[in-house]
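The primary structure of each chain is shown beneath.
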Amino acid sequence: MLHRKECQNGLRIVLEQITTVRSITIGIWVKTGSRNETELSNGISHFIEHMLFKGTKNHTPQEIAEAFDGIGGEINAFTSKEYTCYYAKVLDTHQNMAIEILADMILHSNLDSIELDREKKVILEEINMTEDTPDDIIHDKLHELIYQDHMLAKPILGSKTTVGELTKQQLSSYMQQYYRPDNIVISIAGNTDQNFMNTVEEYLQFETSTLTSNQEQLITPAFHTGKAMFQKETEQAHLCIGFNGVDVTDTSIHAMMIVNNVLGGSMSSRLFQEIREKDGMAYSIFSYHSAFIDSGLLTIYAGTSKHQLEHVQDKIFTVTDQLRTGGLTEKEWGISKEQLKGLYMLSLESTNSKMSRNARNELLLHDHPSLEQDMNQIDRVRLEDVEAILHRLQADQSAIAVISPNI
């Protein structure tokens, strides 16, 4: 059972009551991420995410960690290109403690200068770790190529230069601009009731200075084609190919899910079967779709030996061309829908996943379709819907990023 409450200050609370579990997951979702930054502040959203764990007016960093470790709970956070989430999962008997600490982090973080300088070093090491992981950083390189001068092109972590120059004043100003109640959704899932929504509202009392709405107009990114090659001493070559996708509100997103599933979203997909199972040219080969507020990206990734790179790239385009011109087989058409419905339903078997689903629906869609409605949307996808998506899979309308030991 889903309940929704909009508070006087614009804060939105959604609660899914699940009486068959003993856990509760609480997420505070802020509608800001790396695309809301500037060239000079790139990485600030992620930096703030780290800093909110570094002490508040009421809790030291160690007290925050010990509070959840001491009850067998979990507290964590993540930053994406369009939102930042702070969440905690605890037994239902500890729900008040969890929201008290989460609210304290959001409202009363110290942003201590000593902790700030220390955390810069941590994030710089995180950037170093990412740069040492080519199968990770290649996706950032693809975004840079496709989105170019748009902030969607920039990495969520920022760069060593931008992170190194961030100041406490910048963090405070950014939080004042985006950590406003009308820009925040609290999502709760688990064994609790509607009374807890009132408790949440009581803990999240924002200062009046944060109540002014300041919604910015987002600029829709253009999709750029081309190829970018990067030399790095690696054992494998890493390849990413991108096609223009659909945004999160597009009615054809379920058709995109079906196409992605057939293309490279599962072990029975064409890319996996052709390139890994039949040809043995890659261990890791897959595709995925990223849906943003106003755009989307269908990405194919493959890791292979450097001498097979061109062959793998050619084979990928052969697969996409065959899929685009020949369409789905009758077997794929039937299996893909059932597979998607099964994966979707199975993914919602925890309070964490239900909390995340409801938060994204409220934050990005302002709507809460039932699971039955979502399943019906998949069933209602027509052949012409899929054909429209397949038309996007043209080699001359793609972008290619490669990391290889020799270029």
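Residues numbered from 1 in each chain as written. Predicted model: local features only at pLDDT ≥ 70, side-chain atom pairs only at ≥ 80, totals over all residues. Heavy atoms only, no water.

- Going by the annotation in an unreviewed UniProt entry, the name recorded for the protein chain is Insulinase family protein, with Gracilibacillus caseinilyticus given as the source organism.

## As for the packing of aromatic side chains
Link 1 in the chain: With the rule as written, the count across this model stands at 10 aromatic pairs.
Link 2 in the chain: Plain terms: the ring middles of Trp29 and Tyr83 are 5.2 Å apart, the flat faces sit at 50 degrees to each other, and that makes the pair tilted. With a gap of 54 residues between them, Trp29 in strand β3 (residues 23-30) and Tyr83 in the loop between β4 (74-79) and β5 (84-91) connect regions that are remote in the sequence. A single burial state applies to Trp29 and to Tyr83, both of which are buried. (Phe/Tyr/Trp six-rings, centres within 6.5 Å; stacked < 30°, edge-to-face > 60°. Helix = DSSP H or I, 4+ residues; strand = E, 2+ residues; numbered from the N terminus. Buried < 20%, exposed > 50% of the residue type's maximum accessible area, 1.4 Å probe, protein only.)

## Things to note about the packing of helix α2 (residues 61-69) against helix α3 (residues 95-108)
Link 1 in the chain: Orientation of α2 relative to α3, taken along the N-to-C sense of each, is 160 degrees, at an axis distance of 11 Å. Compared by their axis directions, α2 and α3 come out roughly antiparallel. The element α2 and its partner α3 pack so that their crossing is left-handed. Residues Ile64, Ala67 and Phe68 of α2 form the contact with α3, whose own contacting residues are Met97, Ala98, Ile101 and Met105.
Link 2 in the chain: The residue makeup of the contact of α2 with α3, split by class, is 7 nonpolar, no polar and no charged. (Axes fitted to C-alpha atoms, helices over the stretch in contact; angles between N-to-C directions. Parallel < 35°, antiparallel > 145°, perpendicular 65-115°, else oblique. Left-handed = near helix turned anticlockwise from the far one by under 90°. Contact = heavy atoms within 4.5 Å. Nonpolar A, V, L, I, M, F, W, Y, C, P; charged D, E, K, R; others polar.)

## What about the sheet that holds strand β11 (residues 399-404)?
Link 1 in the chain: Read across the open sheet, the 5 strands follow the order β7-β11-β8-β10-β9; overall the sheet is mixed. Here the strands that pair on one side only, and so sit at the sheet edges, are β7 (226-231) and β9 (284-291). Neighbouring strand axes in the sheet, compared pairwise and without regard to direction, differ in orientation by 15 degrees on average.
Link 2 in the chain: In this sheet, β11 lies alongside β7 in parallel orientation, the contact comprising 6 bridges. (Pairing = 2+ DSSP bridges.)

## Some thoughts on the pattern of salt bridges
Link 1 in the chain: Using the criterion set out here, one finds 24 salt bridges in the structure.
Link 2 in the chain: Ionic pairing is found between Lys354 and Glu16, a salt bridge with its closest N-O pair at 3.7 Å. One end of the pair, Lys354, is in helix α13 (residues 351-365); the other, Glu16, is in strand β2 (residues 12-17), with 338 residues separating them in the sequence.
Link 3 in the chain: Given a relative accessible area of 17%, Lys354 falls into the buried group.
Link 4 in the chain: We classify Glu16 as buried; its relative accessible area is 16%.
Link 5 in the chain: Across the pair Arg357 and Asp374 runs a salt bridge, and its minimum N-O distance is 2.6 Å. With Arg357 in helix α13 and Asp374 in helix α14 (residues 371-379), this residue pair connects regions lying 17 residues apart in the sequence. Take Arg357 and Asp374: they sit in the same class, and that class is buried. (Salt bridge = Lys/Arg side-chain N within 4 Å of Asp/Glu carboxyl O.)

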